[in-house]
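Results of the structural survey
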Amino acid sequence: LGDCPICMIPLQLHLKRSAIMSCCSKVICCGCSHGTIRGGKASLDFPCPFCRKSTRIIDEDVMKQRLKRVGANDPVAMYQEGTFQFEDGNYERSFEHFIKAAELGHVEAHNLLSRMYNNGQGVEK
């Protein structure tokens, strides 16, 4: 996963211990995420530390932004889109997104691809 781009501390392998900014798909550590929220005076609308866009969560906007990032070959956004497709049961599309994310170096995409191969999901049996 690499280092947090703000504090340069290595990101933990457990993805629940890091935050993904929905506006620009940057992954930051929980400490920096907490500091960003605290800097916004604990409101629900605080600026992203990278692109300065509002982080107010609106599902339609998040989906549009994720698809825009997929079009820009962002491996994190491709991984996210793959997980959404997987949860919807569309294994072939999920497999395509995981392949692209893995080719761009996303570690968790490699893991999920191996699970899909093992379970025969999205591949020929």
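For the structure itself, look to the data block above.
Let us look at the structure shown here.

Scoring rules and cut-offs
- Residues numbered from 1 in each chain as written.
- Predicted model: local features only at pLDDT ≥ 70, side-chain atom pairs only at ≥ 80, totals over all residues.
- Heavy atoms only, no water.
- Helix = DSSP H or I, 4+ residues; strand = E, 2+ residues; numbered from the N terminus.
- Expected span 1.5 Å × (residues − 1).
- Polar contact = N/O pair within 3.5 Å; in protein donor to acceptor, adjacent residues only side chain to side chain.
- Phe/Tyr/Trp six-rings, centres within 6.5 Å; stacked < 30°, edge-to-face > 60°.
- Buried < 20%, exposed > 50% of the residue type's maximum accessible area, 1.4 Å probe, protein only.

So, about helix H3 (residues 75–87). Here H3 spans 18 Å end to end across 13 residues, near enough to the 18 Å set by a 1.5 Å rise per residue. Measuring from the side-chain oxygen of the N-cap residue of H3 to the backbone nitrogen of Val-76 gives 3.2 Å; that N-cap residue is Asp-74. Positioned one or two residues after H3, Gly-89 has a phi angle of 90°, which is positive.

Let us now look at unusual backbone geometry. Backbone geometry follows two general trends: most residues other than glycine have a negative phi, and most peptide bonds adopt the trans configuration. You will see that Met-8, though not glycine, has its phi angle at about 65°, which is positive. Mapped onto the secondary structure, Met-8 falls in the segment before strand E1 (18–20). The backbone of Asn-73 sits at a positive phi, close to 60°, despite the residue not being glycine. Inspection of the secondary structure puts Asn-73 in the loop between helix H2 (59–71) and H3.

Another aspect to go through is the packing of aromatic side chains. The tally for this structure, following the rule as stated, stands at three aromatic pairs. Measuring from ring centre to ring centre gives 5.4 Å for Phe-95 and Tyr-117, while their planes differ by 90°; the resulting arrangement is edge-to-face. Here Phe-95 is found in helix H4 (residues 91–103), whereas its partner Tyr-117 is found in helix H5 (residues 107–119), with 22 residues between them in sequence. Under the relative-accessibility criterion, Phe-95 is labelled buried at 13%.

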